[in-house]
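Summary of the model geometry
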Amino acid sequence: MRLGRLFAPSRPKPSGAPPKCAVVVAAAGSATRMGRDKLLLPLGDAPVLIHSLRVFDRCEAVEEIILAARPESLEEIAALVRDYGIKKAAKVVAGGKTRPESVHNGVLAAREDIPYIAVHDGARPFVTEKILMDALLAAEKCQAAAAAVPIVATVKRAEGGLVRETLRRDGLYEIQTPQVFRAELLKAALARAIEQGLPITDDCMAVEALGCPVYLTEGSRENIKLTTKADLPLAEAIAAMRGG
């Protein structure tokens with residue numbers, strides 16, 4: 001049986017209307033490489049986390065936003081969302097010990113009548129509505145899609161500090177978020193990944209493990225993920241260029 005037949009077809013939508021999605025924002029990272037919670041750091045006119053939430057809050061296709069945060073940060077995140085007027089932020093849920101567990105908690109909290117779920121890293125403050133919509137429209141056709149940019153650096157595979165192979169860049173991509181999936185597919189993929197303890201680093205990997213192809217859509221070089229302190233000057237420059 002083909003994987004696509006395991007899931008019911010999407011409910012019909014009004015002609016010309018965009019598909020609807022919930023957005024699960026992964027905000028439960030340990031912040032060990034940054035030394036502090038990077039999502040709460042000031043960036044331009046707002047904390048890092050608020051920048052992407054504003055984009056999703058304005059997007060017509062987004063029905064609700066679910067944040068998966070560290071248990072000790074739940075109240076602070078909820079207060080931040082309230083103070084900055086993020087109207088579509090429906091729930092703030094506790095994340096788990098791993099990314100799949102955190103995202104799964106967020107996915108289970110989403111409304112069951114919403115056919116698609118987008119997963120986004122809270123540490124990517126410069127997502128745009130176009131990046132989200134490109135992935136959402138692609139997922140509507142093929143169940144799973146993710147923003148990506150071609151790799152431009154030379155990539156080498158090494159063992160013990162010695163180069164073993166220089167990889168051809170043709171066909172290599174850096175995967176970003178949002179990543180958008182049929183809701184039933186993502187739930188099944190994450191549940192399986194958690195049950196089997198699969199070492200996944202993004203949600204596409206969980207879906208790929210079920211044998212479902214993932215379609216890549218155009219990301220952006222500005223859609224960076226803040227990982228270490230070295231990323232902050234670039235983020236501040238992008239925020240200044242965008243006017244906050």
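Preceding this section is the structure that the text describes.
Predicted model only: the values in this text are computed from it and were never measured.

1. Observations concerning the overall build of the protein chain
The helix and strand tally for the protein chain stands at seven helices and 11 strands. A compact globule built from 244 residues would reach a C-alpha radius of gyration of about 18 Å, and the protein chain, at 18 Å, matches this within 12%. Taken together, the 33 basic and 30 acidic charged side chains of the protein chain have centroids lying 3 Å from each other.

2. Examining the state of the cysteines
If you walk through the whole model with that rule in mind, you get zero disulfides. There is no disulfide at cysteine 142, and the cysteine sulfur nearest it, in cysteine 212, is 7.6 Å away. Under the relative-accessibility criterion, cysteine 142 is labelled partly exposed at 27%.

3. Quick look at the side chain of histidine 104
Within the element layout of this structure, histidine 104 appears in helix α3 (residues 99-109). Judged by relative accessible area, which is 15%, histidine 104 ranks as buried. Contact partners of histidine 104, with chain neighbours within four places excluded, come to Lys187, Leu190, Ala191 and Ile194.

4. Description of the pairing of strand β10 (residues 173-182)
The element β10 is extensively covered by neighbouring structure, given that seven of its 10 residues are classed as buried. In this sheet, β10 lies alongside strand β6 (residues 116-121) in antiparallel orientation, the contact comprising four bridges. Each residue of the ladder has a partner; that of alanine 118, found in β10, is valine 180. By the bridge criterion, six bridges tie strand β7 (residues 144-150) to β10 in an arrangement that is antiparallel. The residue bridging proline 150 from the neighbouring strand is tyrosine 173, located in β10.

5. A look at the environment of proline 115
Checked against the element boundaries, proline 115 lands in the loop between α3 and β6. On the basis of relative accessible area, proline 115 is assigned to the partly exposed category, the value being 27%. Residues proline 115 and glutamate 140, 25 residues apart in the sequence, show an inter-C-alpha distance of 9.2 Å.

6. Overview of the nonpolar core
Ranked by internal contacts, the top residues of the largest apolar core, which has 46 residues, are Val25, Leu53, Phe56, Val62, Ile65, Leu67 and Val180. Those elements giving two or more residues to this core turn out to be β1 (21-27), α1 (48-58), β4 (62-69), α2 (74-83), β6, α4 (129-142), β7 and α7 (232-241). Here this core gets seven residues from one element, more than from any other, and that element is α4. Setting aside anything within four residues of it in sequence, one finds isoleucine 65 in contact with Val23, Val25, Leu53, Phe56, Asp57, Ile86, Lys88, Ala89, Ala90 and Lys91.

7. Quick word on a nonpolar patch on the surface
On the surface, a nonpolar cluster with roughly 240 Å² of combined accessible area is contributed by Tyr173, Ile175 and Leu216. You can see isoleucine 175 is positioned in strand β10.

8. Brief notes about the sheet that holds β10
The strand order β5-β4-β1-β6-β10-β7-β11 describes an open sheet built from seven strands, whose pairing is mixed. Only two strands of the sheet have a single partner each, and these edge strands are β5 (89-94) and β11 (215-218). Within this sheet the neighbouring strands show an average axis-to-axis angle of 30 degrees, counted without direction. Packing of α2 onto the sheet brings it into contact with β4 and β5, and relative to β5 it is tilted by some 165 degrees. Docked against the sheet, helix α5 (residues 183-196) engages β6, β7 and β10, running at close to 115 degrees with respect to β10.

9. As for the environment of phenylalanine 56
On the secondary structure map, phenylalanine 56 appears in helix α1. Ignoring sequence-local partners within four residues, the contact set of phenylalanine 56 consists of Val23, Val25, Val62, Ile65, Lys88, His120, Val127 and Leu132.

10. Description of unusual backbone geometry
Across the junction of threonine 177 and proline 178, the peptide omega takes the value 15 degrees, indicating a cis bond. Secondary-structure assignment places proline 178 in strand β10. Not every positive phi belongs to a glycine, and glutamine 143 is a case in point at roughly 80 degrees. In this fold, glutamine 143 is placed in the loop between α4 and β7.

The rules behind the values
Residues numbered from 1 in each chain as written. Predicted model: local features only at pLDDT ≥ 70, side-chain atom pairs only at ≥ 80, totals over all residues. Heavy atoms only, no water. Helix = DSSP H or I, 4+ residues; strand = E, 2+ residues; numbered from the N terminus. Rg over C-alpha atoms; globule rule 2.2 N^0.38 Å. Lys, Arg positive; Asp, Glu negative; His and termini not counted. Charge placed at Lys NZ, Arg CZ, Asp CG, Glu CD. Disulfide = S-S within 2.5 Å. Buried < 20%, exposed > 50% of the residue type's maximum accessible area, 1.4 Å probe, protein only. Contact = heavy atoms within 4.5 Å. Pairing = 2+ DSSP bridges. Core = buried A, V, L, I, M, F, W, Y, C linked by side-chain atoms within 4.5 Å. Patch = residues over 30% accessible without salt bridge, like charges linked within 9 Å, V, L, I, M, F, W, Y side chains within 5 Å. Areas by Shrake-Rupley, 256 points an atom, 1.4 Å probe, with all protein chains shown as cover. Salt bridge = Lys/Arg side-chain N within 4 Å of Asp/Glu carboxyl O. Axes fitted to C-alpha atoms, helices over the stretch in contact; angles between N-to-C directions.

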